[in-house]
Amino acid sequence: MKNGSWITQTGSSTYLSEATAIWLRDLRGEFRTRYAVNAILMFAVTTLVAVSFSIGSFRIGEAEQPFLYAVLLWIILVFSALSGLSRSFVKEEEAGTMDVLKLSARPQAVFLGKLWFNLTLLGALELIVVPSFILLMNYEIKHPGLFTAMVITGGFGLGAGTTIVAAMIAQASARGALFSVLSFPLLLPLMITAIKGCEKAAVGMNGTGWPEVRIAVAYSTVMIIMSLFLFPLIWDE
Amino acid sequence: MIVKVLLTVWMGVVIAAAFLYAESAAGFPGETSRILFFHVPQAWVATLSFLLSMIASCIFLARRRVKADHLALAAAEMGLLFCILATASGSIFARATWGSFWNWDPRETSIVILLMIYGAYFALRSAVPDAEKRRVFAGVFSILAFVTVPFLVFVVPRITASLHPENTMNPAKPGMDPKTLKVFLGSLIAYTGLFVWMLRLKIRLLRLEGSRDPEIVEGEME
């Protein structure tokens, strides 16, 4: 804020600085209301407790564990994310701040800011859910490096695939249900990949080149690039 | 009008030939191989219309002509219809030859994902009240969904290792009976003709519905 004026600031702003400003603003708002965090984390914790309580850590046989636990973990992660990630855009619509946001930043910057915010939420979600899941279910992982990489890149893909859908459903009716309905078919290839990667990590099949991690990275890249192209179309309407 | 009559006659001839003229292929229980004349053209039309819908969506997003959106919507509806037909007929064949209605064969997996994508497409269309917005969103979603489809090739385990019969049923490979090939190609033409005819009907219907809506008339007048 040179000269204490906002105008000079926005006049010389870049995509990156605009996106960062939106990201920080959303984070600040989230710290005050904790709406999205509460929704996502409570959903995740509830499902986790339900799964752990009903299955327990000895019900599924040794041989089946790597695969079935990976399935359960990713179902919890995907549906928790779908329960709250749409907040990033829905809250703008509800608060009536959509138009101001359209005036104050370029569409791609808005998209990037919201993407980072969603990725931050997903990071927090995984940081809490994945260790608790491993502890509660006694999930034995032979190759922690691959497992960590899969969880991180998979979470990244979740954010990359759903942010633009959130922007669309914020302007539609029946938002809550619609977000899951639209996102799920887009996320399915990523989810199957992540399950396979986590299963391999648990069994200890290190393999060469971690193909699942690479698919998740490619998926995220493609979705982000397509979103950057398509986002201005749905934002300027 | 004449097209409609020709199409009816042609379709009738193909159906009769499928059961009377062509011989059932060896290696399949009973007469089950005759599914080739119905199931494969249905799947072909489903794929064709999905592709058409995506291309029309791109054209709409670039040019903003309501016509292109009508084509995208009509093609998606036809695609969904033929997709359901192909799934149902394939499922009956699966029961007769592989022993169960559903096996998560790679092609069954991909068709389920296609069905889900188009289910979501129509859910989105019905949830956006503003007409212009609805068209843009539908187009954007269509492209996004199309982009994720290639990832299935990596994901679905060895997409070529399918239960689907290849050598006797795939016209691109040698080993198909000439009579079978003739009827198959005839059926392919019949189904494609049926698709084009239904598609044009649907587009006309959409245009008539649109002319009642003052918002859309504006877009139509150019």
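As the structure is a computational prediction, the values presented were derived from the model and not from experiment.

### Examining the overall build of chain B
Scanning chain B for helices and strands turns up eight helices and zero strands. When the helices and strands of chain B are read in sequence order from the N terminus, they spell out α-α-α-α-α-α-α-α. Per-residue burial over chain B gives 44% buried out of 222 residues. Pairs at least 24 apart in sequence give 72% of the contacts found in chain B among residues at least 6 apart. Carbon and sulfur atoms make up 69% of the accessible area of chain B, which amounts to about 11,400 Å² in all.

### Quick look at the overall build of chain A
Broken down by element type, chain A carries 10 helices and zero strands. Mapped from its N terminus to its C terminus, chain A presents α and β elements in the order α-α-α-α-α-α-α-α-α-α. Computed over C-alpha atoms, the radius of gyration of chain A comes to 19 Å, within 12% of the 18 Å expected from 2.2 N^0.38 for 237 residues, which places it in the range of a compact globule. Seen through its C-alpha atoms, chain A measures out along the principal axes to roughly 65 × 35 × 35 Å. For chain A, buried positions account for 51% of its 237 residues.

### Description of the packing of aromatic side chains
When we look at a pair of aromatic rings, we describe it by the centre distance and by the angle of the planes. Residues and elements named next belong to chain A. Applying the stated criterion across every chain yields a total of 16 aromatic pairs over all chains. For the pair Y69 and F133, a centre-to-centre distance of 6.2 Å together with 85° between the ring planes defines the contact as edge-to-face. Remark: F133 occurs in helix α7 (residues 107-137) and Y69 occurs in helix α4 (residues 65-84); sequence separation between them is 64 residues. The two residues Y69 and F133 agree in class, both being buried. An angle of 25° between the planes, with centres 5.3 Å apart, marks the rings of F231 and W235 as stacked. Here F231 pairs with W235, and both are found in helix α10 (residues 211-235), just four residues apart, close to one helical turn. For the pair F231 and W235, one class covers both residues: buried. Three or more aromatic residues joined by ring pairs make a cluster, and in this case those are Y69, F133, Y139 and F147.

### A look at the interface of chain A and chain B
Listed per partner, the contact involves 26 residues of chain A and 25 residues of chain B. Summed over both sides, the interface of chain A with chain B buries roughly 2,500 Å², with 84% coming from carbon and sulfur. Our enumeration of links across chain A and chain B arrives at zero salt bridges. Linking chain A with chain B are two residue pairs in polar contact (both at pLDDT 80 or more), by the criterion used here. Those elements giving two or more residues to the side of chain A that touches chain B turn out to be α8 (144-169), α9 (175-203) and α10 of chain A. A per-element tally of the side of chain A that touches chain B places α9(A) first, with 11 residues. Taken together, the residues of the side of chain A that touches chain B sort by class into 21 nonpolar, three polar and two charged.

### A few points about a nonpolar patch on the surface
Together, M42(A), V45(A), V49(A) and F53(A) make up a nonpolar patch on the protein surface, roughly 430 Å² of accessible area in all. Mapped onto the fold, F53(A) is located in helix α3 (residues 35-55).

### Structural notes on the confidence of the model for chain B
Residue and element names in this part refer to chain B. Per-chain confidence: chain B averages 82 in pLDDT, with 83% of residues scoring 70 or above. Residue range residues 216-222 is modelled with pLDDT below 50. Its contacts to residues more than four positions away, or to other chains, number 11 contacts. Reported confidences for the modelled complex are a pTM of 0.84 and an ipTM of 0.86.

### So, the pattern of salt bridges
All names here are of chain A. By the definition in use, this model includes 13 salt bridges over all chains. D26 is the partner of K91 in a salt bridge, and the nearest nitrogen-oxygen pair spans 3.7 Å. Here the residue K91 occupies a position in helix α5 (residues 87-95), and D26 occupies one in helix α2 (residues 15-33), the gap between them amounting to 65 residues. Since its relative accessible area comes to 22%, K91 is described here as partly exposed.

### Comments concerning the environment of P189(A)
If you trace the backbone, P189(A) turns up in helix α9. Sequence spacing of P189(A) and Y219(A) is 30 residues, and the spatial spacing of their C-alpha atoms is 8.8 Å.

### What to know about the side chain of S187(B)
Residue and element names in this part refer to chain B. Tracing the backbone through its elements, the reader meets S187 in helix α7 (residues 178-212). Using a relative accessible area of 0% as the deciding quantity, one classes S187 as buried. Beyond its immediate chain neighbours, meaning those up to four positions away, S187 contacts V14, F37 and P41.

### Here we look at the side chain of T87(B)
All names here are of chain B. Locating T87 in the fold gives a position in helix α3 (residues 66-97). Here the side chain of T87 touches C83 through a polar contact of 2.6 Å, landing on its backbone oxygen. Among residues more than four places away in sequence, those in contact with T87 are W102, I111 and L115.

So, how was this worked out
- Residues numbered from 1 in each chain as written.
- Chains lettered and ligands numbered in written order.
- Predicted model: local features only at pLDDT ≥ 70, side-chain atom pairs only at ≥ 80, totals over all residues.
- Heavy atoms only, no water.
- Helix = DSSP H or I, 4+ residues; strand = E, 2+ residues; numbered from the N terminus.
- Buried < 20%, exposed > 50% of the residue type's maximum accessible area, 1.4 Å probe, protein only.
- Contact = heavy atoms within 4.5 Å.
- Areas by Shrake-Rupley, 256 points an atom, 1.4 Å probe, with all protein chains shown as cover.
- Rg over C-alpha atoms; globule rule 2.2 N^0.38 Å.
- Phe/Tyr/Trp six-rings, centres within 6.5 Å; stacked < 30°, edge-to-face > 60°.
- Buried area = accessible area lost by both parts, 1.4 Å probe.
- Salt bridge = Lys/Arg side-chain N within 4 Å of Asp/Glu carboxyl O.
- Polar contact = N/O pair within 3.5 Å; in protein donor to acceptor, adjacent residues only side chain to side chain.
- Nonpolar A, V, L, I, M, F, W, Y, C, P; charged D, E, K, R; others polar.
- Patch = residues over 30% accessible without salt bridge, like charges linked within 9 Å, V, L, I, M, F, W, Y side chains within 5 Å.
- pLDDT = per-residue confidence, 0-100.

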